[in-house]
Amino acid sequence: MSDSNEKKTCNDSKQPILVLDLVRLVLERLSFVDFHRARCVSSGWYSASKSCIGGTNPTAPWIILFPNEHVKTNNDSCKLFDPRDHSSYTIRDLGFDMVRSRCLASSGSWFLMLDHKTDFHLLNLFTRERIPLPSLESIDGWQMKFVRTGDSDFEMSMYYKAHGLVSYGKNSDLRIRDAVLWVDEKTRDYFVVWFHHSTFAYHKKGGDNNSWKVFQPSKHQGCRHMVYKESKLYVLSPARNISVFDFSGGHSPVEYATLPSPNDCYVRNLAVTLSGEVLIISSNPKKCFLTLYKIDPKSSKWRLIKSIGDEALILDLGITVAAKDGVMRNCIYFSHDDLHRYKGVSLCNDDKYGICVYHIKTKKKVQVFEHLTTSSPIPFKDARWFFPTFGGK
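An account of the accompanying structure is given in this report. Just so we're clear, the structure is a prediction, and the values are computed from it rather than from any experiment.

### Quick word on the packing of aromatic side chains
Under the defined criterion, the tally for this structure stands at 18 aromatic pairs. Between the aromatic rings of Phe111 and Phe386, the centroid separation amounts to 5.2 Å while the plane-to-plane angle is 65°, which identifies the pairing as edge-to-face. On the criterion of sequence distance, the pair formed by Phe111 in strand β5 (residues 110-114) and Phe386 in strand β28 (residues 380-386) is long-range, its members being 275 residues apart. Residue Phe111 is classed as buried on the basis of its relative accessible area of 1%.

Now the structure itself:
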């Protein structure tokens, strides 16, 4: 072969396509974490990864652990654990202060974070992408002011145009207890709702929307827990009523359903099944029992159930998923008790409410993860179950 022909062959326009095919074959054989490491090798590998993502996402939930304020180094890292193969990973160099921030919700590999400056961010663990959200001072109809007195202390006053000044005084932490997050992995569309005191605020991607919009339930209820699924927000009030809001219209949410409060049980959470049924979760703190109820269609009353069939409940997400490919059927995936989570109780000092998989019928823990905290030199303040996913841009 002449030099000219050899040069022409090497410059064949079809050659890069063949290389990308080989890269795809390599990527498809890697574990989830190795896949995300490999896709960062070059722009070519990154492009190839977009067409083989479907086979790389784990089918069972993982655990993420957040370091607490006693960690002096690596404050931009966190720990991941895959229960299926008992593998643990440390994600470093996130470019975000994980120690002085709180995770409020998750969607796939995206996490809603509130930092020590009371600013919201969406953070993707594997791509290091970060999407800043409007500040708490940007709420439609409100004039909110923070006067910072230190790294975490602040004076907060809110002025509502119709009702005058409301001052909450000095706080050591902004206790936004309930929030939900939804992210489309491919388009990066997102939707966020949070609740604080008597205020529900929401924000979504799109247009010139650079503020939080406020909505108020008709009964001015508070919020104990909420779940977002398929454009609907399910809100459990302290009075144990459940209201459902529809956000599919694109404007203000429509309150279109209310479920009655159950009798004689302490309701701690709600959840939505694959078929759209609403469940409530009750607990017995002394015995560490979790019990489930759903509406009886004949009597319109809540009744105790001992099985959710071939599904599993991921309590941190408030939804059930199909029990397959490593997901245990008729189980609750539990991470950290809400009351202890927001009181800042360390995981390693709270074995009673530790990370576990709880079987609904037998009322027993079928899998525990004490080793994640007891054997670790790093103290953790919180843990959550999540489904690692990735979608190409």
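The discussion continues.
### Description of the environment of Phe111
Along the sequence, Phe111 and Phe386 sit 275 residues apart, while their C-alpha atoms lie 9.5 Å from each other. If we ignore the near neighbours within four places in the chain, the residues touching Phe111 are Ile64, Phe66, Cys103, Ala105, Ser106, His121, Leu122, Leu123, Leu125, Leu181 and Phe386.

### Description of the sheet that holds strand β6 (residues 120-124)
Taken in spatial order, the four strands line up as β4-β5-β6-β7 in an open sheet, and their pairing is antiparallel. Edge strands, defined here as strands with exactly one partner in the open sheet, are β4 (102-107) and β7 (130-132). Strand-to-strand twist in this sheet, taken as the mean axis angle between neighbours without regard to direction, amounts to 25°. As paired elements, β4 and β5 share five bridges and run antiparallel to each other. Within β5, the residue paired with Cys103 across the bridge is Met113.

### Describing the pattern of salt bridges
Note that side chains of opposite charge can pair when their charged atoms are close. Counting across every chain of the model gives seven salt bridges. Between Arg24 and Asp21 there is a salt bridge, with the nearest N and O atoms lying 2.5 Å from each other. In this pair, Arg24 and Asp21 both sit in helix α2 (residues 15-27), three residues apart, roughly one turn of the helix. By relative accessible area, which is 24% here, Arg24 ends up partly exposed. The class for Asp21 is partly exposed, based on a relative accessible area of 37%.

### Focus on the layout of surface pockets
The volume enclosed by the largest pocket comes to roughly 940 Å³. If you go around the largest pocket, you meet 44 residues; those closest to its centre are Ser106, Ser107, Leu181, Tyr228 and Leu317. Going through the elements one at a time, β4, β11 (178-183), β12 (190-196), β15 (225-229), β19 (267-272), β24 (319-322), α5 (338-341) and β28 are the ones with two or more residues in the lining of the largest pocket. The dominant element in the lining of the largest pocket, judged by the number of residues it contributes, is β11, at six residues. When its residues are assigned to classes, the lining of the largest pocket shows 20 nonpolar, 13 polar and eleven charged.

Thresholds, definitions, all that
- Residue indices follow the written sequence of each chain, beginning from 1 at its first position.
- Local features in this predicted model are restricted to residues of pLDDT 70 or higher, and side-chain atom pairs are both shown and tallied only at a pLDDT of 80 or more, whereas totals for entire chains, interfaces and linings draw on every residue.
- Excluding hydrogens and water, the side-chain values take into account all heavy atoms of the structure.
- Between 30 and 60 degrees the pair is tilted, below 30 it is stacked and above 60 it is edge-to-face, where a pair is any two Phe, Tyr or Trp rings, Trp via its six-membered ring, whose centres lie within 6.5 Å.
- Only runs of H or I of at least four residues qualify as helices and only runs of E of at least two qualify as strands under DSSP, and these elements are numbered from the N terminus.
- Exposure categories follow from relative accessible area, calculated using a 1.4 Å probe and restricted to protein chains: below 20% of the type maximum is buried, above 50% is exposed, and the middle band is partly exposed.
- Contact criterion: two residues are considered in contact whenever any of their non-hydrogen atoms come within 4.5 Å of each other.
- Being paired, for any two strands, means DSSP has found at least two bridges between them.
- Angles shown run from 0 to 180 degrees and are taken between the N-to-C directions of axes, each axis being a line fitted to C-alpha atoms and, for helices, limited to the stretch in contact.
- Salt bridges are counted wherever a side-chain nitrogen of Lys or Arg sits within 4 Å of a carboxyl oxygen of Asp or Glu.
- Using protein atoms alone on a 1 Å grid, points that fit a 1.4 Å probe yet trap it form a cavity, whereas open point sets bounded by protein on both sides within 12 Å along at least five of seven lines form a pocket; residues with an atom within 4 Å of a point count as lining.
- Grid points are joined across faces, edges and corners, and a volume is the space filled by probe spheres set on the points.
- Residue polarity is assigned by list, with Asp, Glu, Lys and Arg as charged and Ala, Val, Leu, Ile, Met, Phe, Trp, Tyr, Cys and Pro as nonpolar; anything else, Gly included, falls into the polar class.

Nothing here speaks to function; it is geometry throughout.
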